[in-house]
Amino acid sequence: MDISVIVPLYNEEESLPELNAWIAKVMAAHGFSYEVLYVDDGSTDKSWTVVKSLRESDPEHVKGVSFRRNYGKSPALNTGFRLAKGDVVITMDADLQDSPDEIPELYRMITEDGYDLVSGYKQKRYDPLSKTIPTKLFNATARKVSGIKNLHDFNCGLKAYRSVVVKHIEVYGDMHRYIPYLAKLAGFSKIGEKVVHHQARKYGKTKFGLDRFVNGYLDLATLWFTGKFGKKPMHLFGLLGSLMFFLGLVAVVVVGAMKLYHLHSGAHYILVTDSPYFYISLVLMLLGSQLFLAGFVGELVVRNSPKRNEYEIQETLGEAPSK
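Residues numbered from 1 in each chain as written. Predicted model: local features only at pLDDT ≥ 70, side-chain atom pairs only at ≥ 80, totals over all residues. Heavy atoms only, no water.

A separate point is the overall build of the chain. Helix and strand counts for the chain stand at 10 helices and 7 strands. By residue count, 41% of the 323 residues in the chain fall in the buried class. Taking contacts inside the chain between residues at least 6 apart in sequence as the whole, the part at least 24 apart equals 80%. With the model as given, the accessible surface of the chain reaches about 17900 Å², and the carbon-plus-sulfur share is 60%. (Helix = DSSP H or I, 4+ residues; strand = E, 2+ residues; numbered from the N terminus. Buried < 20%, exposed > 50% of the residue type's maximum accessible area, 1.4 Å probe, protein only. Contact = heavy atoms within 4.5 Å. Areas by Shrake-Rupley, 256 points an atom, 1.4 Å probe, with all protein chains shown as cover.)

If you look at the biggest cluster of nonpolar residues, it comprises 33 residues, and the most contacted ones within it are Ile3, Val5 and Tyr38. Where this core is concerned, the elements lending two or more residues are β1 (3–9), α1 (16–30), β2 (34–40), α2 (47–57), β4 (88–91) and α4 (103–111). Top contributing element to this core by residue count: α1, with 6 residues. Here Ile3 is in contact with Met27, Phe32, Ser33, Tyr34, Glu35, Gly86, Val88, Ile90, Ile103 and Tyr107, once residues within four sequence places are set aside. By size, the runner-up hydrophobic cluster in this structure holds 32 residues, among which are Ala76, Leu77, Phe81 and Ala186. (Core = buried A, V, L, I, M, F, W, Y, C linked by side-chain atoms within 4.5 Å.)

Think of it this way: side chains of opposite charge can pair up when their charged atoms draw near. In total, this model carries 9 salt bridges according to the counting rule given. Between Lys73 and Asp93 there is a salt bridge, with its nearest N and O atoms 2.8 Å apart. A residue pair is termed long-range when its members are at least 10 positions apart, and Lys73 in helix α3 (residues 73–83) and Asp93 in the loop between β4 and α4 qualify at 20 residues. Side by side, Lys73 and Asp93 carry an identical accessibility label, which is buried. Here Lys122 makes a salt bridge to Asp98, at a shortest N to O gap of 3.2 Å. Here the residue Lys122 occupies a position in the loop between β5 (117–121) and α5 (129–146), and Asp98 occupies one in the loop between β4 and α4, the gap between them amounting to 24 residues. (Salt bridge = Lys/Arg side-chain N within 4 Å of Asp/Glu carboxyl O.)

Moving on, we get to the pairing of strand β6 (residues 159–162). Of the pairings in the sheet, the one linking β4 to β6 comprises 4 bridges and is antiparallel in character. Pairing of Val89 across the sheet is with Tyr161, part of β6. Sheet analysis places β5 next to β6, joined by 3 bridges and oriented antiparallel. The partner of Val118 across the bridge, within β6, is Ala160. (Pairing = 2+ DSSP bridges.)

Counted by the stated rule, this structure contains 7 aromatic pairs. Ring geometry for Phe67 and Tyr71: centres 5.4 Å apart, planes at 85°, overall edge-to-face. Under the relative-accessibility criterion, Tyr71 is labelled partly exposed at 44%. Look at Phe138 and Tyr178: their rings are 5.7 Å apart centre to centre, the planes differ by 45°, and that puts the pair in the tilted class. Of this pair, Phe138 sits in helix α5 while Tyr178 sits in the loop between α6 (163–166) and α7 (179–185), placing them 40 residues apart in sequence. With relative accessibility at 0%, the residue Tyr178 sits in the buried group. The ring of Tyr115 carries the charged tip of Lys190 above its face, separated from the ring centre by 5.5 Å. (Phe/Tyr/Trp six-rings, centres within 6.5 Å; stacked < 30°, edge-to-face > 60°. Lys NZ or Arg CZ within 6 Å of the ring centre and 35° of its normal.)

At their nearest, the axes of helix α9 (residues 234–265) and helix α10 (residues 276–303) sit 7 Å apart, and the two run at 160° to each other. When the axis of α9 is compared with that of α10, the two are roughly antiparallel. In this structure, the crossing between α9 and α10 has a hand that is left-handed. Split by residue class, the contact of α9 with α10 holds 19 nonpolar, 8 polar and 1 charged. (Axes fitted to C-alpha atoms, helices over the stretch in contact; angles between N-to-C directions. Parallel < 35°, antiparallel > 145°, perpendicular 65-115°, else oblique. Left-handed = near helix turned anticlockwise from the far one by under 90°. Nonpolar A, V, L, I, M, F, W, Y, C, P; charged D, E, K, R; others polar.)

Of note, Asp40 is situated in strand β2. The side chain of Asp40 is buried and forms no salt bridge, while Lys52, the nearest opposite charge, is found at 9.2 Å. Among the polar contacts listed, one links the side chain of Asp40 to the side chain of Ser43, at a separation of 2.5 Å. (Lys, Arg positive; Asp, Glu negative; His and termini not counted. Polar contact = N/O pair within 3.5 Å; in protein donor to acceptor, adjacent residues only side chain to side chain.)

The following block contains the structure:
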């Protein structure tokens, strides 16, 4: 099969028939073998009924999964990734803001240009400033932290992947915003971008609020930490803990040395316990010890993880390593 199109959806009953007809038209025009997998994320309208009717009219191409309740876009995408059978996997939103006309070029960039992942870039957006300005700041931060300098729109729903990519990444929580970063952490570094057409929403209203920006930065921090220190937490906690403990120890020594100096010279000096620097130094030493112990606990957790020695192997020569 050439292409799997994954469409996560939540309360999009009005747009689904038009989207499905549009996808079918593009696929027929280019002779692609394909499947469209709709993942209904616990919709409360008639979206699932619409998906079932689309399946009845085109059982060869239309497939669907319905969650019992709303879990979020990341679980929907992850479920779609596990079920996809196409050589190239394409994701798009169900609100008609992503154009299926982009599919042929995305497919070509994967199959001919050799990209592992191609992300859409909605260069001209039909969104209010309250959304576009935070989005620009969000993407600038994501580029800096992830090191993927050529992407301008991490959160664009329109993306294309080689099948092997989606089978080697796990999208959970709200990590769908950082799928390119997840792919990079999994060893798929050939990541490209394509300027795509962005359309104004035709039906319904957006399902995302401003809280996604706060959650987005927290998720980015989580990815950075797990990517850099997930298998060696002591390298972070041990370093910070040792540094803080050393600073606290030096501060205690300085406070004590100043007290002894004043006693020796006969000058008046306050009690060590009356000095705020004494307590600051103690706090630094306590925090340093706790961070160091947190590093030990993290190492114990990693040591007992069944995935501690799992690494992504691209290619082998001779005898393949056992699983």
